[in-house]
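# Secondary and tertiary structure notes
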Amino acid sequence: MWRVILVVLVLTFAAYRIIGGGAGKPGDAPVADAVNYDGYMEVRMLMQGDQREIELVAVEERPPAGDCEKGATGTKLLGLCPAGSKLSCRIKNLECSRDVEPRYHRMLDGQAASVHYAHVQVDSGPGAPRRAVLLGWGMTEQESQMLCGAVQASANKNNKLGGKVTCI
């Protein structure tokens, strides 16, 4: 059951944040919203179950500036936590900054890491090119592979900006 909830949450999280729900679609947004923040957005969501804690992390390069200025992004992400489950979710951190940890720079460059992660490259649409990574800390190797596969499947189904998702 834990895995089913995780997959549902991750698919929604990825589709919202990286593949277009949070970034907008070409022609959708006013010109002012097409401006990108010159830095990174890092979102950390804690999911706690019966005896597990997983931290989902999304790091996006050059996110839409409006996402950094509005507090609504975190509220929307919390709404993705499955209602009625024994799973509790909370946004641990959502911040935009000029730099991120070196390990996330390596991941954005597509280098191997100690966990499997989804690497997203968007080459068209507003603010392109942009890159992002999505991963989970506190997962087994099999779960991190499943997470990456789920993000990739979601991206292939919901991709509105022509992005490419690679599992690394």
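It should be noted that the structure appears before, not after, this text.
## Some words on the overall build of the chain
Secondary structure assignment for the chain yields five helices and six strands. In the chain, the succession of α and β elements from N to C terminus is α-β-β-α-α-β-α-β-β-α-β. Counting all 168 residues of the chain, 46% fall into the buried class. Across the chain, every contact between residues at least 6 apart in sequence was considered, and the portion connecting residues at least 24 apart equals 71%. Accessible area for the chain stands at about 8200 Å²; split by element, carbon and sulfur atoms hold 51% of it.

## Description of the pattern of salt bridges
Applying the stated rule across the entire model yields eight salt bridges. With its nearest N and O atoms 2.7 Å apart, the salt bridge here joins Glu-42 to Arg-44. On the basis of relative accessible area, Arg-44 is assigned to the buried category, the value being 10%. Several salt bridges share partner residues, and in doing so they unite Glu-42, Arg-44, Glu-55 and Lys-92 into one network.

## Quick word on the state of the cysteines
Using the criterion set out here, one finds one disulfide in the structure. Disulfide pairing places Cys-148 opposite Cys-167 at an S-S distance of 2.2 Å. Sign of the S-S torsion, about -120 degrees for the bond between Cys-148 and Cys-167, identifies this disulfide as left-handed. With Cys-148 in helix α5 (residues 141-158) and Cys-167 in strand β6 (residues 163-167), the pair connects residues that are 19 residues apart, well separated along the chain. Classification of Cys-148 as buried rests on a relative accessible area of 1%. Using a relative accessible area of 33% as the deciding quantity, one classes Cys-167 as partly exposed.

## As for the environment of Asn-93
The residue Asn-93 is located in strand β3 (residues 88-97) in this model. Residue classification places Asn-93 among the partly exposed residues on the basis of a relative accessible area of 24%. Once the C-alpha coordinates of Asn-93 and Leu-46 are considered, the two residues, 47 residues apart in sequence, prove to be 9.2 Å apart. Beyond its immediate chain neighbours, meaning those up to four positions away, Asn-93 contacts Glu-42, Val-43 and Arg-44. Side-chain polar atoms of Asn-93 contact the side chain of Glu-95, separated by 3.2 Å.

## Concerning the sheet that holds β3
Strand order in the open sheet made by the six strands is β3-β1-β2-β5-β4-β6, with antiparallel pairing throughout. In the strand order of this sheet, the two ends are held by β3 and β6, each with one partner. Strand-to-strand twist in this sheet, taken as the mean axis angle between neighbours without regard to direction, amounts to 15 degrees. Pairing geometry for strand β4 (residues 118-122) and β6, over five bridges, is antiparallel. The residue of β6 that forms the bridge with Val-122 is Gly-163.

## With respect to the side chain of Glu-55
Of note, Glu-55 is situated in strand β2 (residues 53-61). A polar side-chain atom of Glu-55 sits 3.0 Å from a polar atom in the side chain of Arg-44. Residues in contact with Glu-55, not counting those within four places in the same chain, are Arg-44, Met-45, Leu-46, Lys-92, Leu-135, Gly-136 and Trp-137.

Rules of the game
Residues numbered from 1 in each chain as written. Predicted model: local features only at pLDDT ≥ 70, side-chain atom pairs only at ≥ 80, totals over all residues. Heavy atoms only, no water. Helix = DSSP H or I, 4+ residues; strand = E, 2+ residues; numbered from the N terminus. Buried < 20%, exposed > 50% of the residue type's maximum accessible area, 1.4 Å probe, protein only. Contact = heavy atoms within 4.5 Å. Areas by Shrake-Rupley, 256 points an atom, 1.4 Å probe, with all protein chains shown as cover. Salt bridge = Lys/Arg side-chain N within 4 Å of Asp/Glu carboxyl O. Disulfide = S-S within 2.5 Å. Polar contact = N/O pair within 3.5 Å; in protein donor to acceptor, adjacent residues only side chain to side chain. Pairing = 2+ DSSP bridges. Axes fitted to C-alpha atoms, helices over the stretch in contact; angles between N-to-C directions.

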